Amino acid sequence: MALQCGIVGLPNVGKSTLFNCLSNAKAQAANFPFCTIEPNVGVITVPDERLNKLAELIHPQRIVPTTVEIVDIAGLVKGASKGEGLGNKFLANIRETDAILHVLRCFDDENVTHVDGTINPVRDKEIIDYELQIKDLDTIDRNIQKTQKQAQTGGDKTAKLALEVLLQYKSALEQGKAARTVHFDTKDELKVAKDLFLLTNKPVLYVCNVDEASAVTGNKYVEMVREAVKEEGADILVVAAKIESEIAEFETYDERQMFLNEIGLEESGVNRLIKAAYKLLNLETFLTAGEPEVRAWTYIKGSKAPQCAGVIHSDFEKGFIRAEVIKYNDYIQYKSEAAVKEAGKLGVEGKEYIVQDGDIMHFRFNV
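Because the structure is predicted, anything quoted here is derived from the model rather than measured.

The rules behind each value
Residues numbered from 1 in each chain as written. Predicted model: local features only at pLDDT ≥ 70, side-chain atom pairs only at ≥ 80, totals over all residues. Heavy atoms only, no water. 1 Å grid on protein atoms, 1.4 Å probe; cavity = no way out; pocket = protein on both sides within 12 Å on 5 of 7 lines; lining within 4 Å. Points joined across faces, edges and corners; volume = space filled by probe spheres on them. Helix = DSSP H or I, 4+ residues; strand = E, 2+ residues; numbered from the N terminus. Nonpolar A, V, L, I, M, F, W, Y, C, P; charged D, E, K, R; others polar. Buried < 20%, exposed > 50% of the residue type's maximum accessible area, 1.4 Å probe, protein only. Lys, Arg positive; Asp, Glu negative; His and termini not counted. Salt bridge = Lys/Arg side-chain N within 4 Å of Asp/Glu carboxyl O. Contact = heavy atoms within 4.5 Å. Core = buried A, V, L, I, M, F, W, Y, C linked by side-chain atoms within 4.5 Å.

Undergrad: Please provide a residue-by-residue account of empty space enclosed by the protein, values included.
TA: In the structure shown here, the tally under the stated rule is 1 cavity of 30 Å³ or more. Of the voids in this model, the largest cavity is the one considered here, and its volume is about 80 Å³. Lining the largest cavity are 13 residues, and of these His102, Asp129, Leu132, Arg180 and Tyr206 lie nearest its centre. A total of 4 residues in the lining of the largest cavity trace back to one element, the largest contributor, which is helix H4 (residues 121-153). Within the lining of the largest cavity, the residues separate by chemical class into 8 nonpolar, 3 polar and 2 charged.

See below:
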């Protein structure tokens, strides 16, 4: 199953508008809470200019970009951890995702109702944080009850280790901190932590939805969020969903770029958001390049050559012999595979080679 980013936030912060811009699957965008009842899943192309540059040199029959899955999840309200609103559904849906895009309303508009009556993105963030933390604390407490008996009565070393992890999480959550702020060093501790599937342990990107005037520079609300999240080590992305809706209406790339230039943006917020989601999921891209196709392939950062070969086909991984690797910049400089070889820039790598983002790969295998 593909890795997924879930878009979350309070009702009416611009989640579904952003999702509509991201995906052809149109979530209903309306000015009332809970208009998105079931999670909408969009399989979204990841923008990668490298594919176009290679295609200009190779003239392939087709270009195949890679994709990322984005899930639009129903808006959450206070009391979700106790089942208020669509709380149970929200929490179940978010548990199934691998990372969180947390949309915060950072714009004033009297025509768009806010569920709490005033604009305060830090308060909105804390509402969702609190509900997720309460749910995680419930998970931790249940696990402590089960693990404590094993650790005390059976002298089980694994149970003792698990209990230490659980207690560290409990301490952080009771202080109002996310589970992701707790760090472990050993593989055993990390495995225990991962197996808990805590909601606040998922990586998060805060998406500040601003008005058109603030699309380039941000505003006071964005600065409030920046200050509030600095200890989390989380990134912030500034997007004007209303502008992104207008950009989506343009049919050609040139029209979109002209519009972006007029408002002072180099790249659309949607493109930046997709790239940020891809990075948040710890994903990178290797490339294959030939006349049939120029193609991007997704792999988890840090993967070795045989694992990446398996992304193309399981037989490639089973029978892996070696990988022939061309660095993207070398291909662009020398303009063909033959010229790269002649310049001595083609690398031959074995099973321990850690693939780098943008590597152009050719796998040799025997099954």
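Undergrad: Outline the side chain of Glu189, supporting the account with residue identities and numerical values.
TA: Here Glu189 lies in helix H6 (residues 187-195). There is no salt bridge for the buried Glu189, and the closest opposite charge comes from Lys187, which lies 13 Å off by N-O distance. Excluding residues within four positions of it along the chain, Glu189 makes contact with Leu161, Val165 and Phe184.

Undergrad: I'd like a rundown of the pattern of salt bridges, residues and numbers included.
TA: This structure, assessed with the given rule, holds 21 salt bridges. Put simply, Lys304 and Glu352 hold a salt bridge, and the shortest N to O gap is 2.5 Å. Remark: Glu352 occurs in the loop between strand E11 (347-349) and strand E12 (360-365) and Lys304 occurs in the loop between strand E9 (293-300) and helix H11 (305-312); sequence separation between them is 48 residues. Lys304 sits in the partly exposed class, given a relative accessible area of 30%.

Undergrad: Give me the lowdown on the nonpolar core, citing residues and values where you can.
TA: Counting residues in hydrophobic clusters, the biggest one holds 59 residues, and the most contacted among them are Ile70 and Leu101. Sort the elements by how many residues they give to this core and helix H10 (residues 269-280) lands first, with 7 residues. Not counting residues up to four positions away in its chain, the partners in contact with Leu101 are Cys5, Gly6, Ile7, Val8, Ile70, Leu205, Val207, Leu273, Ala277 and Leu280. In this structure, Ile140, Tyr169, Val182 and Leu196 belong to the second largest nonpolar core, which totals 19 residues.

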